[in-house]
Amino acid sequence: RRALACILFLVAAALFAHAQQDQTGSISGKVTFKNKGLASILVIAIDTNYSDGEERSHNRALTDIDGNYLINNVPTGDYLVYPVAPALVVENGQRLTITGGETIRDINFAMVHSGAITGRITDADGQPLIKETVSVVPVEPKSDYKRHNFASFHTDDRGIYHAFGLRPGKYKVSVGQPLPI
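Residues numbered from 1 in each chain as written. Predicted model: local features only at pLDDT ≥ 70, side-chain atom pairs only at ≥ 80, totals over all residues. Heavy atoms only, no water.

Asker: Which residues make up the overall build of the protein, and what values go with them?
Answerer: Tallying secondary structure elements over the protein gives two helices and 15 strands in all. A burial count over the protein gives 33% of its 181 residues as buried. When the accessible surface of the protein is totalled, it reaches about 11500 Å², and 54% of it is carbon and sulfur. (Helix = DSSP H or I, 4+ residues; strand = E, 2+ residues; numbered from the N terminus. Buried < 20%, exposed > 50% of the residue type's maximum accessible area, 1.4 Å probe, protein only. Areas by Shrake-Rupley, 256 points an atom, 1.4 Å probe, with all protein chains shown as cover.)

Following this line, the structure appears as structure tokens:
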């Protein structure tokens, strides 16, 4: 009886695993800069249905030599998809929903050079403020900005901060408490 129960359990587990695989989809597209494909760019699909304290699920892929990517085995759900590259940014990520077994094609991204803001923070006597928190927030946040927590930057031992990886646009800079988005 135990052997039969073990066999039935293994068959049920295999069927369940196969059914779970059928519930995954894929996302594909191309990443370009000045209309040319970019190789070795990381493209991430982050699950947007999570609550604080939960681990965020995400899938990822690298672009090939022509800038094409394919993210496989994406579980059913809502995702924010975007590429990540040094010194480059994309204007917006793509929001999409994956249903069981669905293949979503042509999620393409045109990247542009990122911007930077730098400055020096001092007290009233002109002395540098060390390890002071500096926040940089877009003046007109796009919907995707609300999903990304802007990193706070800190001043160095000279009171200098560098905010980098910024999308094109206008920004508010604050020292101390972060500005609300």
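Now that the structure has been shown, we can carry on.
Asker: Describe the sheet that holds strand E15 (residues 171-175), and please don't skip the residues or the numbers.
Answerer: Across the sheet, which stays open at both edges, the three strands sit in the order E13-E12-E15 with antiparallel pairing between neighbours. The strands lining the two open edges of the sheet, one partner per strand, are strand E13 (153-154) and E15. Both strand E12 (residues 133-138) and E13 contribute to a ladder of two bridges, which runs antiparallel. Pairing of Thr-133 across the sheet is with His-154, part of E13. (Pairing = 2+ DSSP bridges.)

Asker: Report on the confidence of the model for the protein, specifying residues and quantitative values.
Answerer: Averaged over every residue, the pLDDT of the protein is 82; the share at 70 or more is 75%. pLDDT under 50 marks residues 145-149. Its contacts with residues more than four places away, or in other chains, come to 14 contacts. (pLDDT = per-residue confidence, 0-100. Contact = heavy atoms within 4.5 Å.)

Asker: Account for the pattern of salt bridges, naming residues and giving values.
Answerer: Taken as a whole and judged by the stated rule, the model has two salt bridges. Residue Asp-156 is joined to Arg-158 by a salt bridge in which the shortest nitrogen-to-oxygen separation is 2.7 Å. Between Arg-158 and Asp-157 there is a salt bridge; the shortest N-O distance is 3.9 Å. Residues participating in the shared-partner salt-bridge network are Asp-156, Asp-157 and Arg-158. (Salt bridge = Lys/Arg side-chain N within 4 Å of Asp/Glu carboxyl O.)

Asker: Which residues make up the environment of Asp-106, and what are the values?
Answerer: Examined against the element boundaries, Asp-106 turns out to sit in the loop between strand E9 (103-104) and strand E10 (109-113). Every residue in contact with Asp-106, bar those within four places of it in the chain, is listed here: Ser-28 and Gly-29.

Asker: Report on the nonpolar core, specifying residues and quantitative values.
Answerer: Ile-27, Tyr-69 and Val-81 are the most contacted members of the largest nonpolar core, which totals 22 residues. Those elements that place two or more of their residues in this core are strand E1 (24-33), strand E3 (42-47), strand E5 (68-75), strand E6 (77-84), strand E7 (88-90), strand E8 (94-98) and E10. In this structure, Val-136, Phe-153, Ala-163 and Leu-166 belong to the second largest nonpolar core, which totals five residues. (Core = buried A, V, L, I, M, F, W, Y, C linked by side-chain atoms within 4.5 Å.)

Asker: Describe the sheet that holds E6, and please don't skip the residues or the numbers.
Answerer: Overall, antiparallel pairing links the four strands, which are arranged E4-E3-E6-E8 in an open sheet. Strands at the two margins of the open sheet, each flanked by one partner only, are strand E4 (58-62) and E8. Geometrically, the sheet is characterised by an average inter-axis angle of 25 degrees between neighbouring strands, direction not taken into account. Taken together, the six bridges between E3 and E6 define a ladder with antiparallel strand orientation. The residue bridging Asp-47 from the neighbouring strand is Tyr-79, located in E6. (Axes fitted to C-alpha atoms, helices over the stretch in contact; angles between N-to-C directions.)

Asker: If you had to explain the environment of Val-175 to someone new, which residues and values would you point to?
Answerer: For Val-175, the position within the fold is in strand E15. Taking the C-alpha atoms as reference, Val-175 lies 8.2 Å from Ile-121; in sequence the two are 54 residues apart. Excluding residues within four positions of it along the chain, Val-175 makes contact with Ile-121, Glu-132 and Thr-133.

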